[in-house]
Amino acid sequence: MENELSIILKNLKLGFIETEQDKIWMCSYNKNNYSCLLNYKFSEKNKVGFFDIFKSNFLSPKESFLGFVPSPTSSSKIREYQTKEFSEIKQIHFDLYEKYKHLNSTITQTFSLFPKSNKSILSNIPYSLKDLFCTESIKTTGGSSFYKNYIAQYSSTVYKILQEKGGYLVGKDTCDEFGCGGSGMECSAISNLPVVHYLAKNKVVPGSCSGSANKVATGEVLASIGVDTVDSIRLPSSVVGIVGYKPTYGLISRYGCFSFCNSLDTVGIMASNVNDVGIFANELIKYDEKDMTSQILDKDREMKNFLKERKINVGFIQFSEEEWLDKTTNKEFEEAKHIRNEYEKFINENKNEFNFTKIVLPKYFNSNLLFQLYHVLCYSDFFSNRAKDTLINTIESHTFKGDYYEKVTKERSENLSFDVKRKMVLGASFVNHGIDKIAFSIRDELVDYFLNLFSSFDCIIMPGSGDIAPDIDFKNRKYTRNGIDQYLKLGNFCGFCSITIPFKNYQGLPFGLNINCKQFDDLNLLNIALKFEEVLKK
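Owing to the predicted nature of the structure, the values given are computational and were not obtained by experimental measurement.

Caption draft 1: Spatial organisation of unusual backbone geometry. Its identity is not glycine, yet N124 carries a phi of approximately 70°, on the positive side. By the secondary structure assignment, N124 is in the loop between strand 1 (106-109) and strand 2 (126-130). Of note in this structure, S191 is not a glycine but carries a positive phi near 60°. Position of S191 relative to the elements: it lies in the loop between strand 3 (168-173) and helix 8 (210-218).

This is the structure we're talking about:
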C-alpha cells in the first residue's frame, strides 16, 4: 500500500507534508469500506441513464422559460419590499449583518455596492451568494484559504443576471471548502469557524450552504444563491426553517462557479417562502451557452392543471426501522422519533388534501449504498477539478519564474486543508481501481428506477432531515446520526428537481419536509410546494 501511495503522490504532485502514517490512512483503499458498491447486483434490463435524459435536450437549444406565477394569498418578502426606498433597505440589512455577524455566516460583506437597475421585481432586493460564485472585482475564496486573496477578473452568469435585474448583493457567504464538506465547520477562508445556528449558540448549521441558509433565516437577506451537490441547499434549509430549492440539473448556469462534482452540482435558491424562491427562479432559469451542462426548459411544453382539477397524487417514502436508528447506539434517539411521528401524523391528517400512497424502496437502495455512491462519484470528479489549483495563473503574474512543481507543491501543502487532500487522493484511488465506473452504473439504475416511479405520482415526499441541527463538536465531527439525510442525495444522483420547505419544530429548533418531482417538472414542483406550504399553515 505504501509503495502504491508513493506513486499516486508523485504523479499527482499534491504536495503532502503529513506523516507517512497519515498519508497511508488518507489514501488507503479498503474494499470492505465500499462493499455495497462492489457487491451490487445489477439488473438485466436496458436502462435509461443519467446523461441519456439530458443529452438530447442539450443538442437542440432554445429559450428557457419557467413561468412561475406567485400566489397572491401566500407570503412574499419581495412583494413587501416593493415600497421601500433603497437607503432604508441598505440600513436595515447592514444593521442585521452587524447583529448576526458573530454567527460566522459571511466571508465578505459587500454593502458598498449599488444596484444597477430599478426596473425589475428584484430591484433593490438584498441577496447573497455562496462564495463559490466568481464576482468581478470582489473577492471569491471558494471557502478556502488557498484562494483567500483571489479577486476574479470575470463574473459568473448568475451574478451577471442578478446585477442586470437590479439585485443588491450584500455579501459572499461562508461555505465548506470548495463546497466539498457537509459540516458547516470546514471553511478555511475563515479559519474553520463553525456557522452557528441563529437559534442556538451550541448548534452548527450543517451542509456546505450553511452560511447562506443562516442568513436567510435571520433576515439578513431575502434570498441566497447556492450550489447543491448532494443536499447542500436542502439540508441546511431544513434545520434553519427556510425554503431550499434544487432545480432540475443544469437549469441554472454554473458558469463562473467553483466545481466540486460536475454531474451533481446544481445551482439553487434559498428564501423564506416558496413565492420568493419562484421569483428568483423565473430570472435565473435560462439557457447559457457558456455552461456545457446547461439545460433547456421548453416554454412551449404543456402545463398540468391538476392543482385545480384534482387532488395531488403524493408518494411518501416509508423508511425501514433501521434507517431511523442512531448508527452508534442502534437506538432511535428523541429528535428522530419526533420527526418520524410528525411526518406520519401529517400524512394521516391530510388525506382529504392529498392522495397519499406509501413507497417502500428496494432494500439495496439503502443509506449505506447512497453514502458510498456519494464518496465515489464526488471524490473521483473532485480530484480532477482541483488539479488546476496552482496560485500561479490566478494570483501572481503570468511572468512567474522558477521551478513550477516546487511552487505548486509548496502552495498546495500549505494552503489546502487535510480533508481536501484526503478527498482528492481517495478520488484518484477510486479512478485507478475502476470503482467510479461501478458507481456510474449504479447511478443509472437509480435514474431508471425513479423515472418509472414518477410515472405513478405527481410528487414524492420524505423528511427534509433525519435530525435537528447538530451540536458543535470539533473533536468528533458527527453531524447525522441516522440514515434519513442520505436520501436527499437521490435528487442529485438522478437530476430531478427537489425542494425542502419548513415543516415542524422540536424543542424550538426547526426541521423541514422534502418534496420531489421528475426532471424538468420544476414549475409543478413549485406550485405543489405552495400547496403544501398553505396546508402546513392551517
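Caption draft 2: Expanded view of the nonpolar core. Formed by 134 residues in total, the largest nonpolar core has its most connected members in I225, F280, F450, I461, I501, I515 and F532. The element that contributes the greatest number of residues to this core is helix 13 (residues 367-385), accounting for 10 residues. Filtering out sequence-adjacent residues up to four positions away, F280 remains in contact with I78, L122, I125, Y127, L162, A223, I225 and I269. If you look at the next biggest cluster of nonpolar residues, it comprises 18 residues, including F111, Y168, A217 and I242.

Caption draft 3: Looking closely at the pattern of salt bridges. Scanning the entire structure with this criterion turns up 21 salt bridges. Across the salt bridge formed by K489 and D231, the nearest N and O atoms sit 4.0 Å from each other. In this pair, K489 sits in the loop between strand 9 (459-463) and helix 17 (490-494) while D231 sits in the loop between strand 4 (223-228) and helix 9 (234-240), placing the two residues 258 residues apart along the sequence. Residue K489 is classed as buried on the basis of its relative accessible area of 5%. Across the salt bridge formed by E334 and K337, the nearest N and O atoms sit 3.7 Å from each other. Here K337 and E334 lie together in helix 12 (residues 334-349), a separation of 3 residues that amounts to about one turn. A single network of salt bridges, built from pairs that share partners, joins E321, E332, R340 and E344.

Caption draft 4: Summary view of helix 8. Across the 9 residues of helix 8, 9 count as buried, placing the element largely inside the fold. Residues S210, G211, S212, A213, N214, K215, V216, A217 and T218 constitute the buried set of helix 8. Once helix 8 finishes, G219 follows within two positions and takes phi at roughly 85°, a positive value.

Rules used throughout
Residues numbered from 1 in each chain as written. Predicted model: local features only at pLDDT ≥ 70, side-chain atom pairs only at ≥ 80, totals over all residues. Heavy atoms only, no water. Helix = DSSP H or I, 4+ residues; strand = E, 2+ residues; numbered from the N terminus. Core = buried A, V, L, I, M, F, W, Y, C linked by side-chain atoms within 4.5 Å. Buried < 20%, exposed > 50% of the residue type's maximum accessible area, 1.4 Å probe, protein only. Contact = heavy atoms within 4.5 Å. Salt bridge = Lys/Arg side-chain N within 4 Å of Asp/Glu carboxyl O.

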